[in-house]
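# Structural characterization, general
Next come the chains, spelled out residue by residue.
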Amino acid sequence: MADKTTPRLLWAVLAGWALLNWLQAALTPADPDEAYYRLYSLQPAWGYFDHPPMLALIIAAGRYALDNAFGIRLLLPLLQAVSVGLIWRLAGSPQEPRRFLLLAAILGAMPMFEVYGFIAAPDAPLLFFGVLFFVAYRFFLQKPGLTSALWLGACMAALLYSKYHGVLLIFFTLLSNLSLLRQPWFYVASFFGFGLFFPHLYWQFAHEFPSFRYHLQGRDDPYELKHTVNYLINQVVIFSPLLFPLWVMALARRRPADQLERAYYFVIGGFLLFFLWTTSKGHVEPQWTCLLSIPLAILLFRYSDGRPVFTAWLWRLSLLSIALILIFRIALAVDALRPAQLNKQFLHKTWVQALLDEAGTHPVVFQNSYRLAAVYALYTGQTAYTFTDADYRKSQFDIWEGEKALQHKKVLIAAQKDLGCPGCKTLKKDRQQFKLYWLDSLEVTQKVQLEAKTTPADWFPGKQVSLPVAFFNPYPHSIALGKGENPIGLAAMFFANNEDVVFASAETALRVLPPGDTVTATLHFRVPPRLWPGPYHWALGLKTGALPPAVNSRTLPVTLLGK
């Protein structure tokens, strides 16, 4: 990254940048998502339910040194410091100290870029490999050949292994330069990148594409104006609201100087328009466009060259933004100063200790919270699992087979809502609240599969339904239905708008599910009378005691008729 002309100031700034982020990483408690990604790193794989495996690999490397919040984040400050050095190269390697400091100030003024210097999320490696991709693309444009093609292909694969949004960076770069389609070395790069990424695609195939189904499901909700408004506001915030007028001026007045700058413009416009379009289908997370930090910073910096008035305002607004971000970072690291609305994200030790005092060495099963289960495991080292019912989405816990070790074990249930059990104990600490109760012998049913053998016909609210259902028990133990203090029961469920769910108890004469076998039996239930005629999705599931049912079947469409 460095050469003989690299100013010493560059190395001082990069070292200071990394040290500041390491200090922040050490002082800031773990976010629940970070604790969840730590669990990824404990079980290496080519893919995971929510994301590709790059972040898990980075966390695993840091965990070898320290298995705590700081260890989870250990490599991120180093990756971002390298990113800043490479952005310096992409911006033209300015040798004047004041120009280099201006570039650093622009990057430091961008809230989302700052966050991923110390928070372990898939966007952190996405930013790093996004910078590497632009460096490799510039090398490929200058010297197309085998070496540059392999570098470009490796960077494309690394982008996709970081986060699926990397495909947009590749696509809009290609769209900015369609002559690449006539360049044989570009196909070498593409096939090489595809080959490197193939193990992840095979993992998706072997697990029935859980990541793709999760990210695409529920993305056809009716349009709500608030999603578009929130998206537009968030774009101003994450790229610095103070600098926003300068971004607009620079992008509107500057014209691309070469193919690389043309790619910057296409990437910025493509990302913004694509995610603006997705607001028609639901909520868009602010960080989904964080990759734009790279081209925005470079273009704003280049536009300032030779414009002293513009540069003076850029300095003032960047330094003011940095000061505000620094105040926020200090508050984030200090419990007494942290905004109350963030305490639920970062304040865990009190509720974790209270729950540990209650559970002792017994496993804790969290209802509908893979994140809190991960936090509990991080801070206690004890076994934690999450039970996912129909009111919540599935997670990596539904792919792992850790629940097998809980069969017939005494466990403490930490529920998110009142289950109507008179023996439940309420635990409320650190803005977290649980309903606790003990199961003396847990029956594991999470991966049992139910399949209706006929399709709905003439269903209406209140109708009694009988249909044959295949029960597949993948576990090495039999499962008893309807027995014990917390019996395993059956339920049908009806979803409206992919969110609201109404349950109906179901019955069958079947009493035992044999291990590793499929049994077909008739299931009886009544379509909930309080439903209105119209379109729904329905599914079947198993429930344990007072817990709501999980979804153990495919979710299928049904239209309820009027009586």
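Residues numbered from 1 in each chain as written. Predicted model: local features only at pLDDT ≥ 70, side-chain atom pairs only at ≥ 80, totals over all residues. Heavy atoms only, no water.

As a further point, take the environment of Phe 118. Tracing the sequence through the fold places Phe 118 in the loop between helix 7 (111-115) and helix 8 (123-142). Between the C-alpha atom of Phe 118 and that of Leu 101, which follows or precedes it by 17 residues, the distance is 21 Å. Sequence-distant contacts of Phe 118, defined by excluding residues within four places in its chain, comprise Asn 21, Gln 24, Ala 25, Glu 34, Arg 73, Leu 76, Arg 329 and Leu 332. (Helix = DSSP H or I, 4+ residues; strand = E, 2+ residues; numbered from the N terminus. Contact = heavy atoms within 4.5 Å.)

Here we take up the nonpolar core. Counting residues in each nonpolar core, the largest one holds 167 residues, and the members touching the most others are Phe 366, Phe 494 and Phe 525. The dominant element in this core, judged by the number of residues it contributes, is helix 8, at 11 residues. Ignoring anything within four residues of it in the chain, the contact list for Phe 366 reads Trp 351, Leu 355, Leu 372, Ala 373, Tyr 376, Ala 384, Tyr 385, Thr 386, Phe 387, Ala 414 and Phe 434. One finds Ala 390, Met 493, Val 501 and Ala 539 within the second-largest nonpolar core, a separate group that totals 6 residues. (Core = buried A, V, L, I, M, F, W, Y, C linked by side-chain atoms within 4.5 Å. Buried < 20%, exposed > 50% of the residue type's maximum accessible area, 1.4 Å probe, protein only.)

Mapping Thr 380 onto the fold places it in helix 20 (residues 370-380). Note on Thr 380: relative accessible area 18%, which makes it buried. Within the structure, the side chain of Thr 380 is placed 2.6 Å from the backbone oxygen of Tyr 376, a separation counted as a polar contact. At 3.1 Å, the side chain of Thr 380 forms a polar contact with the backbone nitrogen of Gln 382. Thr 380 has contacts with Val 352 and Leu 356, leaving out every residue within four places of it along the chain. (Polar contact = N/O pair within 3.5 Å; in protein donor to acceptor, adjacent residues only side chain to side chain.)

Before going further, it helps to examine the pattern of salt bridges. Overall, the coordinates contain 13 salt bridges when judged by the stated rule. Of the charged contacts, one joins Asp 123 and Lys 163 as a salt bridge, the two residues approaching to 2.7 Å between their closest N and O atoms. Taken together, the residues Asp 123 in helix 8 and Lys 163 in the loop between helix 9 (146-162) and helix 10 (166-176) connect sequence positions 40 residues apart. Given a relative accessible area of 2%, Asp 123 falls into the buried group. Lys 163 sits in the buried class, given a relative accessible area of 6%. Each member of the salt-bridge network shares a partner with another, and the members are Arg 254, Glu 261 and Arg 302. (Salt bridge = Lys/Arg side-chain N within 4 Å of Asp/Glu carboxyl O.)

The next point concerns helix 20. Taken across its 11 residues, helix 20 has 10 buried, putting it largely inside the fold. Here helix 20 has its buried residues at Tyr 370, Arg 371, Leu 372, Ala 373, Ala 374, Val 375, Tyr 376, Ala 377, Leu 378 and Thr 380. Where helix 20 terminates, the next one or two residues include Gly 381, which has phi positive at roughly 75°.

Right, let's talk about the pairing of strand 7 (residues 464-473) for a bit. Sheet faces and side chains relate simply in a regular strand, where the side chains alternate between the two faces. Bridge count between strand 6 (residues 449-452) and strand 7: 4 bridges; the pairing is antiparallel. Bridging across to strand 7, Glu 451 finds its partner in Ala 470. Here strand 7 pairs with strand 12 (residues 517-526) via 10 bridges, running antiparallel. The residue of strand 12 that forms the bridge with Val 465 is Phe 525. (Pairing = 2+ DSSP bridges.)

Before going further, it helps to spend a moment on the packing of aromatic side chains. For the coordinates displayed, the defined rule picks out 37 aromatic pairs. Here Phe 128 and Phe 129 contribute two aromatic rings whose centre-to-centre distance is 5.0 Å and whose plane-to-plane angle is 75°, an arrangement assigned as edge-to-face. Side by side, Phe 128 and Phe 129 carry an identical accessibility label, which is buried. Note on Tyr 161 and Phe 197: the rings are 5.1 Å apart at their centroids and 70° apart in plane angle, and the pair reads as edge-to-face. Of this pair, Tyr 161 sits in helix 9 while Phe 197 sits in helix 11 (residues 184-206); the two residues are 36 residues apart in sequence, bridging distant segments of the chain. Take Tyr 161 and Phe 197: they sit in the same class, and that class is buried. The structure contains a cluster of three or more aromatic residues connected by ring pairs, namely Tyr 36, Tyr 37, Tyr 40, Tyr 48, Tyr 370, Tyr 385, Tyr 392, Phe 397 and Trp 400. We note Arg 316 situated over the ring of Trp 313; from NZ or CZ to the ring centre the distance is 4.9 Å. (Phe/Tyr/Trp six-rings, centres within 6.5 Å; stacked < 30°, edge-to-face > 60°. Lys NZ or Arg CZ within 6 Å of the ring centre and 35° of its normal.)

This paragraph deals with the sheet that holds strand 6. Strand pairing in a sheet takes place through backbone hydrogen bonds and is either antiparallel or parallel in direction. The strand order across the open sheet built from 7 strands is 6-7-12-10-9-13-14, with neighbouring strands paired in antiparallel fashion. The sheet is open, and its two edges are formed by strand 6 and strand 14 (556-560), each paired on a single side. On average, each strand axis in the sheet is tilted by 40° relative to the strand beside it, whichever way the strands run. (Axes fitted to C-alpha atoms, helices over the stretch in contact; angles between N-to-C directions.)

On average, the chain scores 91 in pLDDT, and the residues at 70 or more come to 97%. By mean pLDDT, helix 18 (residues 340-346) is the weakest element of the chain at 76, and helix 9 is the strongest at 98. (pLDDT = per-residue confidence, 0-100.)

For the rest of this paragraph, the subject is unusual backbone geometry. Positive phi values are uncommon outside glycine, yet Ser 93 reaches one of about 50°. Position of Ser 93 relative to the elements: it lies in the loop between helix 5 (76-90) and helix 6 (97-108). For Asp 458, which is not glycine, the phi torsion reads 55° and is therefore positive. Its place among the elements puts Asp 458 in the loop between strand 6 and strand 7.

The next subject is the sheet that holds strand 5 (residues 432-439). Taking strand neighbours across the sheet as the criterion, the 5 strands line up as 2-1-3-5-4 in an open arrangement whose pairing is mixed. Two strands in the sheet have a free side with no partner beyond their single neighbour: strand 2 (384-387) and strand 4 (425-429). When strand polarity is set aside, the average angle formed by the axes of neighbouring strands in this sheet is 30°. In the sheet, strand 1 (residues 364-367) pairs with strand 2 via 4 bridges, with the strands oriented parallel. Directly across from Val 364, in strand 2, lies its bridge partner Ala 384. Helix-sheet contacts for helix 20 involve strand 1, strand 2 and strand 5, and the interaxial angle to strand 2 is about 175°.

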